[in-house]
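Per-entry structural report
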Amino acid sequence: MASPVALRAAASIILVRPCTTSKTSTYEILFVKRSQQMKFASQMHVFPGGAVDQNDSMTAKKWSNENDTLKVAAIRELFEETGILIDTPSLISNSSQETIEDWRQRILSDSSKIQELFTDNEGQELLKKYHYWNRFITPSSEKKRFDTHFFITILSKGSVSLDKQLSSIKVDKHELVDSIWIKPSEAIEKCDLGKMEMLPPQYIMLKEMVTKFHSINLLEEHFHKRQNLLPIQPHLVSTKKLLNEFGNNDVPENYKLNGFVCILPGDENHFPPENSFPGSVGSRNRLYSSIPSGSYFLNVKNILDDRFMFSGINSKISTN
């Protein structure tokens, strides 16, 4: 059996803002849509992000220390892909959108240029606004694999320059073709209806938000609890294999013929080559997907260990 493809370190940012159409503490999240031309995750809606650049570690050392390399990558990727800077550096505080776009193009050409855009103190303060949220590792069976760390930051109202950026997001039109602000519950609904394609990690994290974090306040309260989470590496198998080799007889009917399942930590059949965390006999923590529609069905059952409850439970999730 061939060895799994080597992992690339990557970082992604979950950008949260207060819901603009409600007086409650509900929130929206920024998704960007990947181009049809991309080999990985073509046409999928994802959070802004990408692979770590060799210059990111140098920037992290300059602003803080090398441990913040992944945060720097998330900051850089957000700016490169959308033109958003959640803190406006003094160098361009009174600049036009054309000047900001010029800096974006410079950093796209040479990622180390972000060190010139922010002073060391500004970079240090910016890093403090990015909070660790989750970590997913691409299944070992895939040809392109990433070890992706997800960070989250919550935008506050009142910054004129930031509000201007958020109202006129310009995706790069190369890797990305569109952007959308959307409530987690609405994104889940669109995905379930086949109107918004997304990868399993995004779907799982949205399910958790819908279930556990109904308000911005709840998200903020949970930041400090998210350190040192287990890496989530799904074990990807076809539903036919699940039925024929694993002997599972509880596969939903409409997924049996042409589907696959992401078996997650805490499931009795979670046995990837690395990061294996199987649960007790009969435990279920898996995400079914149909082909070609891409609709998902999350089944969580009999999980006794709280470490594995990152996917949340609500009325739509099977408990049978």
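Quick notes on the overall build of the chain
Across its full length, the chain carries 10 helices and 11 strands. Across the chain, every contact between residues at least 6 apart in sequence was considered, and the portion connecting residues at least 24 apart equals 64%. Counting only carbon and sulfur atoms, one obtains 49% of the accessible surface of the chain, whose full area is about 15,300 Å².

With respect to the pairing of strand β9 (residues 259-263)
β9 sits mainly inside the fold: four of its five residues count as buried. Pairing analysis gives five bridges linking β9 to strand β10 (residues 284-290), with the strands arranged antiparallel. When the sheet's bridge partners are listed, Val261 is paired in β10 with Tyr288.

A look at the sheet that holds strand β11 (residues 296-301)
Hydrogen bonds between backbone groups are what pair the strands of a sheet, and the pairing can be parallel or antiparallel. Strand order across the open sheet formed by four strands is β8-β9-β10-β11, with antiparallel pairing between neighbours. The sheet is open, and its two borders are formed by β8 (235-238) and β11, each paired with just one other strand. Direction aside, the axes of adjacent strands within the sheet are offset by 20° on average.

A look at the nonpolar core
If you look at the biggest cluster of nonpolar residues, it comprises 33 residues, and the most contacted ones within it are Ile14, Val16, Ile29, Phe31, Trp133, Met198 and Met209. At the level of secondary structure, the elements contributing two or more residues to this core comprise β1 (8-18), β2 (27-34), β5 (131-137), β6 (146-154), α7 (184-192), α8 (200-212), α9 (216-222) and β11. With five residues, the single largest contributor to this core is α8. Contact partners of Val16, with chain neighbours within four places excluded, come to Tyr27, Glu28, Ile29, Ile152, Thr153, Ile154, Leu155, Trp181, Ile216 and Leu219. Among the nonpolar cores identified, the runner-up in size contains 30 residues, and Leu30, Ile84, Ile114 and Tyr132 belong to it.

Concerning the packing of α7 against α8
As a packed pair, α7 and α8 sit with axes 9 Å apart at the nearest point and diverge in direction by 135°. Our classification of the angle between α7 and α8 gives oblique. Read as a crossing pair, α7 and α8 show a hand that is left-handed. The segment α7 lies against α8, with Pro184, Ser185, Ala187, Ile188, Cys191 and Asp192 engaging Tyr203, Leu206, Lys207, Met209 and Val210. A per-class count over the contact of α7 with α8 returns eight nonpolar, one polar and two charged.

Re the environment of Gln233
If you trace the backbone, Gln233 turns up in the loop between α9 and β8. Considered as a pair, Gln233 and Ser276 are 43 residues apart in the sequence and their alpha carbons are 7.9 Å apart. Residue contacts for Gln233: discarding those within four places in its chain leaves Ile137, Thr138, Ser140, Arg145, Ile263, His270, Pro272, Glu274 and Asn275. Within polar-contact distance, the side chain of Gln233 engages the side chain of Asn275 at 3.0 Å.

A closer look at the pattern of salt bridges
The final tally for this structure, using the stated rule, is 17 salt bridges. The shortest N-O distance in the salt bridge between Arg76 and Glu80 comes to 3.1 Å. Residue Arg76 and its partner Glu80 are located together in helix α2 (residues 69-82), separated by four residues, close to a single helical turn. With respect to class, Arg76 is no different from Glu80; both count as buried. Note that Asp250 is salt-bridged to Arg284, the shortest N-O span being 2.7 Å. One end of the pair, Asp250, is in the loop between α10 (239-244) and β9; the other, Arg284, is in strand β10, with 34 residues separating them in the sequence.

So, the packing of aromatic side chains
One pass over the full model with this rule turns up 10 aromatic pairs. Between Tyr132 and Phe151, the ring centres sit 6.3 Å apart and the planes meet at 80°, which makes this aromatic pair edge-to-face. A residue pair is termed long-range when its members are at least 10 positions apart, and Tyr132 in strand β5 and Phe151 in strand β6 qualify at 19 residues. On the basis of relative accessibility, which here comes to 5%, the residue Phe151 falls in the buried class. Between Tyr203 and Tyr296, the ring centres sit 4.8 Å apart and the planes meet at 55°, which makes this aromatic pair tilted. You can see Tyr203 sitting in helix α8 and its partner Tyr296 sitting in strand β11, a full 93 residues away along the chain. Its relative accessible area of 9% is what places Tyr296 among the buried residues. Following the ring pairs from residue to residue traces out a cluster consisting of Phe31, Phe47, Phe136 and Phe150. Above the face of the Trp103 ring, Arg106 is positioned so that its terminal group lies 4.1 Å from the ring centre.

Describing the pairing of β1
Counting buried positions along β1 yields eight of 11 residues, so the element is predominantly enclosed. Taken together, the nine bridges between β1 and β6 define a ladder with parallel strand orientation. Within β6, the position partnered with Arg8 by the bridge is Phe146. Relative to strand β4 (residues 49-51), β1 runs antiparallel, the two sharing three bridges. When the sheet's bridge partners are listed, Ala11 is paired in β4 with Gly50. Pairing of β1 with β2, which is carried by three bridges, proceeds in the antiparallel orientation. Residue pairing in the sheet places Pro18 in a bridge with Tyr27 of β2.

Conventions used here
Residues numbered from 1 in each chain as written. Predicted model: local features only at pLDDT ≥ 70, side-chain atom pairs only at ≥ 80, totals over all residues. Heavy atoms only, no water. Helix = DSSP H or I, 4+ residues; strand = E, 2+ residues; numbered from the N terminus. Contact = heavy atoms within 4.5 Å. Areas by Shrake-Rupley, 256 points an atom, 1.4 Å probe, with all protein chains shown as cover. Buried < 20%, exposed > 50% of the residue type's maximum accessible area, 1.4 Å probe, protein only. Pairing = 2+ DSSP bridges. Axes fitted to C-alpha atoms, helices over the stretch in contact; angles between N-to-C directions. Core = buried A, V, L, I, M, F, W, Y, C linked by side-chain atoms within 4.5 Å. Parallel < 35°, antiparallel > 145°, perpendicular 65-115°, else oblique. Left-handed = near helix turned anticlockwise from the far one by under 90°. Nonpolar A, V, L, I, M, F, W, Y, C, P; charged D, E, K, R; others polar. Polar contact = N/O pair within 3.5 Å; in protein donor to acceptor, adjacent residues only side chain to side chain. Salt bridge = Lys/Arg side-chain N within 4 Å of Asp/Glu carboxyl O. Phe/Tyr/Trp six-rings, centres within 6.5 Å; stacked < 30°, edge-to-face > 60°. Lys NZ or Arg CZ within 6 Å of the ring centre and 35° of its normal.

None of this, on its own, says anything about what the molecule does.
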